[in-house]
Amino acid sequence: MYNSLSGSLPHSLGALNRLRYLLLASNNFGGTIPTELGTLVHLNTMLLGRNPLVGTVPDIFSNLTNLLDVSFYGCNLEGTIPTTICHLSQASSLNLNNNRLSGTIPSCLTSTFVSHTISLSGNELTGTLPEAVSSLTILEAADNRLTGTIPESLWFSVKTLNLGRNALTGTLPQANSTVDGPDHLFLAGNRLTGTLPTALCRALSVLLEDNLFSGTIPSCLGEARNEVVNLSRNDLSGTVPLLKTLYLSTLNLADNHLSGAINVSAFYLPNLQSCDFSQNCFDCSAETWCMCDVHRSDCAGSPDGWPTTTIVLITIAAVIGALSLLLVALVGGAVWWRRGHAGKPRFAPLDDEQQQAI
(Lines give C-alpha, C1' and ligand atoms only; values in the text may rest on other atoms or scores of the structure.)
Protein backbone atom coordinates (compact mmCIF):
# COMPACT_ATOMS: atom_id res chain seq x y z
CA MET A 1 0.00 0.00 0.00
CA TYR A 2 0.90 3.69 -0.35
CA ASN A 3 3.25 3.32 -3.29
CA SER A 4 3.14 4.50 -6.89
CA LEU A 5 2.50 1.17 -8.57
CA SER A 6 0.56 1.42 -11.83
CA GLY A 7 -0.81 -0.70 -14.65
CA SER A 8 -3.62 -3.21 -14.47
CA LEU A 9 -4.20 -5.78 -11.77
CA PRO A 10 -2.90 -9.06 -13.27
CA HIS A 11 -5.28 -11.96 -13.74
CA SER A 12 -2.50 -14.20 -12.47
CA LEU A 13 -3.31 -13.05 -8.93
CA GLY A 14 -5.93 -15.77 -9.00
CA ALA A 15 -3.19 -18.39 -9.07
CA LEU A 16 -1.99 -17.42 -5.58
CA ASN A 17 -4.32 -19.92 -3.98
CA ARG A 18 -2.74 -19.58 -0.54
CA LEU A 19 -2.91 -15.78 -0.49
CA ARG A 20 -4.40 -14.28 2.67
CA TYR A 21 -3.74 -10.57 2.38
CA LEU A 22 -4.14 -8.50 -0.78
CA LEU A 23 -3.09 -4.98 0.20
CA LEU A 24 -2.82 -2.78 -2.88
CA ALA A 25 -4.58 0.39 -1.72
CA SER A 26 -3.37 3.91 -2.53
CA ASN A 27 -1.54 3.19 -5.77
CA ASN A 28 -2.21 4.02 -9.42
CA PHE A 29 -3.67 0.74 -10.63
CA GLY A 30 -6.21 1.07 -13.43
CA GLY A 31 -8.47 -1.23 -15.36
CA THR A 32 -11.05 -3.56 -13.92
CA ILE A 33 -10.91 -5.84 -10.90
CA PRO A 34 -10.00 -9.37 -12.11
CA THR A 35 -12.74 -11.92 -11.57
CA GLU A 36 -9.99 -14.45 -10.83
CA LEU A 37 -9.79 -12.98 -7.34
CA GLY A 38 -12.92 -14.99 -6.62
CA THR A 39 -10.84 -18.16 -6.44
CA LEU A 40 -8.74 -16.98 -3.48
CA VAL A 41 -10.73 -18.92 -0.90
CA HIS A 42 -8.17 -18.30 1.86
CA LEU A 43 -8.17 -14.54 1.38
CA ASN A 44 -8.59 -12.70 4.65
CA THR A 45 -8.20 -9.04 3.62
CA MET A 46 -8.80 -7.32 0.27
CA LEU A 47 -7.88 -3.63 0.25
CA LEU A 48 -7.92 -2.04 -3.23
CA GLY A 49 -9.11 1.44 -2.27
CA ARG A 50 -7.78 4.70 -3.69
CA ASN A 51 -6.89 3.33 -7.11
CA PRO A 52 -8.29 4.73 -10.40
CA LEU A 53 -10.06 1.49 -11.28
CA VAL A 54 -12.99 1.28 -13.68
CA GLY A 55 -15.92 -1.02 -14.21
CA THR A 56 -18.16 -2.57 -11.60
CA VAL A 57 -17.82 -4.34 -8.28
CA PRO A 58 -17.18 -7.88 -9.55
CA ASP A 59 -19.50 -10.72 -8.65
CA ILE A 60 -16.71 -12.74 -7.02
CA PHE A 61 -17.72 -13.18 -3.39
CA SER A 62 -19.61 -16.48 -3.37
CA ASN A 63 -16.57 -18.50 -2.30
CA LEU A 64 -14.68 -15.83 -0.32
CA THR A 65 -16.23 -16.76 3.00
CA ASN A 66 -13.00 -16.08 4.93
CA LEU A 67 -12.82 -12.42 4.01
CA LEU A 68 -12.85 -10.13 7.04
CA ASP A 69 -12.08 -6.73 5.52
CA VAL A 70 -13.04 -5.51 2.04
CA SER A 71 -12.37 -2.02 0.72
CA PHE A 72 -12.98 -0.55 -2.73
CA TYR A 73 -12.98 3.00 -1.33
CA GLY A 74 -12.63 5.76 -3.94
CA CYS A 75 -12.11 3.48 -6.95
CA ASN A 76 -14.54 5.17 -9.36
CA LEU A 77 -16.57 1.95 -9.64
CA GLU A 78 -20.08 2.03 -11.06
CA GLY A 79 -23.05 -0.28 -11.43
CA THR A 80 -24.95 -2.00 -8.64
CA ILE A 81 -23.81 -3.79 -5.49
CA PRO A 82 -23.77 -7.54 -6.23
CA THR A 83 -25.90 -9.62 -3.89
CA THR A 84 -23.14 -12.24 -3.60
CA ILE A 85 -21.34 -9.77 -1.36
CA CYS A 86 -23.76 -10.92 1.33
CA HIS A 87 -21.95 -14.30 1.33
CA LEU A 88 -19.12 -12.70 3.32
CA SER A 89 -20.37 -14.31 6.49
CA GLN A 90 -17.23 -13.48 8.50
CA ALA A 91 -16.64 -9.92 7.30
CA SER A 92 -16.27 -7.16 9.87
CA SER A 93 -15.84 -4.24 7.47
CA LEU A 94 -17.11 -3.39 3.98
CA ASN A 95 -16.07 -0.04 2.51
CA LEU A 96 -17.55 1.07 -0.82
CA ASN A 97 -17.42 4.80 -0.09
CA ASN A 98 -16.84 7.40 -2.79
CA ASN A 99 -17.63 5.51 -5.95
CA ARG A 100 -20.43 5.90 -8.49
CA LEU A 101 -22.53 2.94 -7.44
CA SER A 102 -26.22 3.09 -8.29
CA GLY A 103 -29.33 1.04 -7.66
CA THR A 104 -30.62 0.05 -4.26
CA ILE A 105 -28.92 -1.30 -1.15
CA PRO A 106 -29.39 -5.11 -1.16
CA SER A 107 -31.67 -6.08 1.70
CA CYS A 108 -29.36 -8.95 2.59
CA LEU A 109 -26.55 -6.48 3.26
CA THR A 110 -27.99 -5.37 6.59
CA SER A 111 -30.23 -8.34 7.41
CA THR A 112 -27.86 -11.30 6.95
CA PHE A 113 -24.44 -9.71 6.47
CA VAL A 114 -22.72 -9.88 9.87
CA SER A 115 -20.30 -7.05 9.16
CA HIS A 116 -19.91 -4.58 11.99
CA THR A 117 -19.22 -1.69 9.61
CA ILE A 118 -20.86 -0.98 6.24
CA SER A 119 -19.74 2.18 4.43
CA LEU A 120 -21.64 3.24 1.30
CA SER A 121 -21.33 7.04 1.41
CA GLY A 122 -20.63 9.20 -1.62
CA ASN A 123 -22.40 7.14 -4.26
CA GLU A 124 -25.61 7.41 -6.28
CA LEU A 125 -27.67 4.84 -4.43
CA THR A 126 -31.46 5.15 -4.47
CA GLY A 127 -34.43 3.48 -2.87
CA THR A 128 -35.12 2.93 0.81
CA LEU A 129 -33.06 1.72 3.74
CA PRO A 130 -33.30 -2.01 4.52
CA GLU A 131 -33.89 -3.41 7.98
CA ALA A 132 -30.85 -4.17 10.14
CA VAL A 133 -29.59 -6.90 12.44
CA SER A 134 -28.11 -6.46 15.88
CA SER A 135 -24.55 -7.24 14.74
CA LEU A 136 -24.37 -4.10 12.59
CA THR A 137 -22.78 -1.29 14.60
CA ILE A 138 -21.82 1.32 11.97
CA LEU A 139 -23.81 2.22 8.86
CA GLU A 140 -22.59 5.03 6.63
CA ALA A 141 -24.69 5.90 3.58
CA ALA A 142 -24.41 9.69 3.43
CA ASP A 143 -24.39 11.68 0.20
CA ASN A 144 -26.63 9.37 -1.81
CA ARG A 145 -30.21 9.67 -3.09
CA LEU A 146 -31.95 7.52 -0.52
CA THR A 147 -35.61 8.11 0.26
CA GLY A 148 -38.21 6.83 2.68
CA THR A 149 -38.02 6.56 6.44
CA ILE A 150 -35.39 5.26 8.88
CA PRO A 151 -36.29 1.72 10.02
CA GLU A 152 -36.57 1.30 13.77
CA SER A 153 -34.28 -1.74 13.59
CA LEU A 154 -31.49 0.51 12.33
CA TRP A 155 -32.11 3.07 15.04
CA PHE A 156 -31.99 0.53 17.86
CA SER A 157 -29.09 -1.61 16.60
CA VAL A 158 -26.37 0.65 15.21
CA LYS A 159 -24.03 2.80 17.29
CA THR A 160 -23.06 5.12 14.43
CA LEU A 161 -25.69 6.12 11.87
CA ASN A 162 -24.51 8.44 9.10
CA LEU A 163 -27.27 9.16 6.57
CA GLY A 164 -26.66 12.84 5.96
CA ARG A 165 -27.54 14.62 2.73
CA ASN A 166 -30.09 12.22 1.32
CA ALA A 167 -33.83 12.73 0.83
CA LEU A 168 -35.09 10.83 3.87
CA THR A 169 -38.50 11.72 5.30
CA GLY A 170 -40.66 10.82 8.26
CA THR A 171 -39.90 11.06 11.96
CA LEU A 172 -37.25 9.65 14.26
CA PRO A 173 -38.25 6.66 16.39
CA GLN A 174 -39.50 7.91 19.74
CA ALA A 175 -37.61 5.81 22.27
CA ASN A 176 -39.11 5.58 25.75
CA SER A 177 -35.86 6.31 27.55
CA THR A 178 -32.40 7.72 27.07
CA VAL A 179 -30.79 4.27 26.76
CA ASP A 180 -31.86 3.57 23.17
CA GLY A 181 -30.50 4.95 19.93
CA PRO A 182 -27.13 5.59 18.27
CA ASP A 183 -24.09 7.07 19.96
CA HIS A 184 -23.22 9.09 16.84
CA LEU A 185 -26.09 10.41 14.74
CA PHE A 186 -25.48 12.25 11.46
CA LEU A 187 -28.73 13.02 9.65
CA ALA A 188 -28.11 16.53 8.36
CA GLY A 189 -29.57 17.66 5.05
CA ASN A 190 -32.67 15.48 4.82
CA ARG A 191 -36.41 16.17 5.09
CA LEU A 192 -37.04 14.67 8.49
CA THR A 193 -39.94 16.02 10.53
CA GLY A 194 -41.55 15.63 13.93
CA THR A 195 -40.14 16.23 17.39
CA LEU A 196 -36.73 15.34 18.80
CA PRO A 197 -36.70 12.11 20.83
CA THR A 198 -35.15 11.98 24.28
CA ALA A 199 -32.80 9.28 22.97
CA LEU A 200 -30.70 12.12 21.52
CA CYS A 201 -29.56 12.90 25.05
CA ARG A 202 -27.50 9.72 25.21
CA ALA A 203 -25.66 10.37 21.95
CA LEU A 204 -22.15 11.81 21.83
CA SER A 205 -22.63 13.47 18.43
CA VAL A 206 -25.96 14.84 17.18
CA LEU A 207 -25.91 16.50 13.75
CA LEU A 208 -29.48 17.15 12.62
CA GLU A 209 -29.11 20.50 10.84
CA ASP A 210 -31.04 21.35 7.66
CA ASN A 211 -34.15 19.32 8.39
CA LEU A 212 -37.75 20.14 9.32
CA PHE A 213 -37.81 19.16 13.00
CA SER A 214 -40.30 21.06 15.16
CA GLY A 215 -41.33 21.25 18.78
CA THR A 216 -39.00 21.97 21.68
CA ILE A 217 -35.48 20.88 22.59
CA PRO A 218 -35.65 17.96 25.07
CA SER A 219 -34.92 19.18 28.59
CA CYS A 220 -32.59 16.23 29.18
CA LEU A 221 -30.18 17.77 26.69
CA GLY A 222 -29.11 20.18 29.40
CA GLU A 223 -27.41 17.48 31.45
CA ALA A 224 -26.62 14.97 28.71
CA ARG A 225 -23.29 13.54 27.67
CA ASN A 226 -23.39 15.17 24.23
CA GLU A 227 -20.09 16.47 22.88
CA VAL A 228 -21.30 17.98 19.59
CA VAL A 229 -24.86 19.19 18.96
CA ASN A 230 -26.02 20.87 15.76
CA LEU A 231 -29.75 21.53 15.47
CA SER A 232 -29.49 24.58 13.23
CA ARG A 233 -31.84 25.41 10.38
CA ASN A 234 -34.91 23.56 11.63
CA ASP A 235 -38.30 24.76 12.97
CA LEU A 236 -37.61 24.31 16.68
CA SER A 237 -39.36 26.61 19.15
CA GLY A 238 -39.54 27.20 22.88
CA THR A 239 -36.61 27.92 25.17
CA VAL A 240 -33.11 26.53 25.56
CA PRO A 241 -32.90 24.10 28.50
CA LEU A 242 -30.54 24.87 31.35
CA LEU A 243 -27.15 23.66 30.15
CA LYS A 244 -24.88 22.01 32.69
CA THR A 245 -22.66 19.42 31.09
CA LEU A 246 -18.97 18.67 31.29
CA TYR A 247 -18.66 17.32 27.78
CA LEU A 248 -20.28 19.75 25.34
CA SER A 249 -17.69 21.38 23.04
CA THR A 250 -19.82 22.53 20.08
CA LEU A 251 -23.41 23.80 20.18
CA ASN A 252 -25.27 25.21 17.16
CA LEU A 253 -28.93 26.20 17.52
CA ALA A 254 -28.93 28.86 14.79
CA ASP A 255 -31.84 29.67 12.51
CA ASN A 256 -34.78 28.24 14.45
CA HIS A 257 -37.66 29.90 16.30
CA LEU A 258 -36.20 29.70 19.80
CA SER A 259 -37.02 32.42 22.32
CA GLY A 260 -36.72 33.33 25.98
CA ALA A 261 -33.70 34.38 27.99
CA ILE A 262 -30.23 32.86 27.94
CA ASN A 263 -28.70 33.24 31.36
CA VAL A 264 -25.08 32.25 30.90
CA SER A 265 -24.35 32.70 34.59
CA ALA A 266 -26.54 29.65 35.25
CA PHE A 267 -24.79 27.54 32.59
CA TYR A 268 -21.84 25.29 33.37
CA LEU A 269 -20.03 24.40 30.14
CA PRO A 270 -16.31 24.15 30.93
CA ASN A 271 -15.38 22.54 27.59
CA LEU A 272 -17.49 24.66 25.25
CA GLN A 273 -15.35 25.90 22.35
CA SER A 274 -17.89 27.19 19.83
CA CYS A 275 -21.56 28.02 19.77
CA ASP A 276 -24.04 29.76 17.51
CA PHE A 277 -27.47 30.93 18.65
CA SER A 278 -27.96 33.39 15.79
CA GLN A 279 -31.16 33.85 13.80
CA ASN A 280 -33.49 33.16 16.69
CA CYS A 281 -35.54 35.49 18.86
CA PHE A 282 -33.91 35.45 22.29
CA ASP A 283 -34.36 38.05 25.02
CA CYS A 284 -30.75 39.11 25.41
CA SER A 285 -30.75 42.28 27.47
CA ALA A 286 -27.75 43.65 29.34
CA GLU A 287 -29.05 42.02 32.52
CA THR A 288 -29.17 38.63 30.83
CA TRP A 289 -25.81 37.90 29.34
CA CYS A 290 -25.61 35.97 26.09
CA MET A 291 -22.97 33.52 25.00
CA CYS A 292 -23.26 34.05 21.27
CA ASP A 293 -24.68 36.28 18.58
CA VAL A 294 -28.43 35.90 19.04
CA HIS A 295 -29.76 38.59 16.69
CA ARG A 296 -32.67 37.94 14.39
CA SER A 297 -33.92 40.51 11.93
CA ASP A 298 -37.58 40.04 12.83
CA CYS A 299 -37.05 40.50 16.58
CA ALA A 300 -37.91 43.79 18.22
CA GLY A 301 -35.55 45.62 20.54
CA SER A 302 -32.29 45.56 18.58
CA PRO A 303 -31.17 48.26 16.14
CA ASP A 304 -30.99 47.05 12.56
CA GLY A 305 -27.64 45.53 11.78
CA TRP A 306 -26.43 45.44 15.39
CA PRO A 307 -27.04 42.30 17.48
CA THR A 308 -27.98 42.99 21.07
CA THR A 309 -25.02 40.94 22.23
CA THR A 310 -22.69 42.96 20.04
CA ILE A 311 -23.94 46.20 21.64
CA VAL A 312 -23.47 44.79 25.14
CA LEU A 313 -19.97 43.53 24.36
CA ILE A 314 -18.94 46.80 22.70
CA THR A 315 -20.21 48.76 25.73
CA ILE A 316 -18.30 46.53 28.14
CA ALA A 317 -15.17 46.77 26.01
CA ALA A 318 -15.43 50.58 25.95
CA VAL A 319 -15.81 50.79 29.75
CA ILE A 320 -12.86 48.45 30.30
CA GLY A 321 -10.78 50.47 27.84
CA ALA A 322 -11.59 53.76 29.58
CA LEU A 323 -10.76 52.35 33.01
CA SER A 324 -7.48 50.97 31.64
CA LEU A 325 -6.50 54.40 30.24
CA LEU A 326 -7.39 56.09 33.55
CA LEU A 327 -5.30 53.58 35.48
CA VAL A 328 -2.34 54.09 33.15
CA ALA A 329 -2.62 57.88 33.55
CA LEU A 330 -2.72 57.67 37.35
CA VAL A 331 0.24 55.33 37.55
CA GLY A 332 2.21 57.40 35.07
CA GLY A 333 1.51 60.63 36.98
CA ALA A 334 2.60 59.11 40.26
CA VAL A 335 5.86 57.89 38.77
CA TRP A 336 6.55 61.32 37.21
CA TRP A 337 5.92 63.14 40.51
CA ARG A 338 8.22 60.84 42.47
CA ARG A 339 11.03 61.20 39.94
CA GLY A 340 10.71 65.03 39.93
CA HIS A 341 10.87 65.33 43.71
CA ALA A 342 13.38 62.61 44.50
CA GLY A 343 16.02 63.76 47.06
CA LYS A 344 14.31 67.09 47.75
CA PRO A 345 13.15 68.06 51.26
CA ARG A 346 9.45 68.17 51.72
CA PHE A 347 9.61 71.84 52.96
CA ALA A 348 12.10 74.57 51.95
CA PRO A 349 14.43 75.79 54.85
CA LEU A 350 13.73 79.22 56.44
CA ASP A 351 16.01 82.16 55.63
CA ASP A 352 17.58 84.49 58.31
CA GLU A 353 14.75 87.07 58.27
CA GLN A 354 12.11 84.33 58.70
CA GLN A 355 14.05 82.84 61.61
CA GLN A 356 14.39 86.29 63.32
CA ALA A 357 10.68 86.90 62.83
CA ILE A 358 9.98 83.68 64.67
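Whatever comes next refers back to the structure up there.
Residues numbered from 1 in each chain as written. Predicted model: local features only at pLDDT ≥ 70, side-chain atom pairs only at ≥ 80, totals over all residues. Heavy atoms only, no water.

Overview of the side chain of Glu 209
At step 1: Assignment of secondary structure puts Glu 209 in the loop between β13 (205-207) and β14 (214-215).
At step 2: The contact partners of Glu 209, leaving out residues within four places of it in the chain, are Ala 188, Gly 189, Asn 230, Ser 232, Arg 233 and Asn 234. (Helix = DSSP H or I, 4+ residues; strand = E, 2+ residues; numbered from the N terminus. Contact = heavy atoms within 4.5 Å.)

Describing the sheet that holds strand β20 (residues 281-283)
At step 1: Ordered by their spatial adjacency, four strands build an open sheet running β14-β16-β18-β20, and the pairing between neighbours is parallel. If you trace the sheet from one side to the other, it starts and ends with β14 and β20, each paired once.
At step 2: In terms of strand pairing, β14 meets strand β16 (residues 235-238) through two bridges, oriented parallel. Looking at the pairing, Gly 215 lines up with Leu 236 of β16. (Pairing = 2+ DSSP bridges.)

Overview of the environment of Ala 142
At step 1: Its location among the elements puts Ala 142 in the loop between β10 (138-140) and α2 (152-157).
At step 2: Taking the C-alpha atoms as reference points, Ala 142 and Gly 189, 47 residues apart in sequence, are found 9.6 Å from one another.
At step 3: Excluding its chain neighbours within four sequence positions, the residues that come into contact with Ala 142 are Ser 121, Gly 122, Asn 162, Leu 163, Gly 164, Arg 165 and Asn 166.

Points about the sheet that holds strand β12 (residues 184-186)
At step 1: Taken together, twelve strands build an open sheet; the order of strands is β2-β4-β5-β7-β9-β10-β11-β12-β13-β15-β17-β19 and the sheet is parallel. Because the sheet does not close on itself, it has two edges, and the strands there are β2 (21-23) and β19 (274-276). On average, each strand axis in the sheet is tilted by 10° relative to the strand beside it, whichever way the strands run. (Axes fitted to C-alpha atoms, helices over the stretch in contact; angles between N-to-C directions.)

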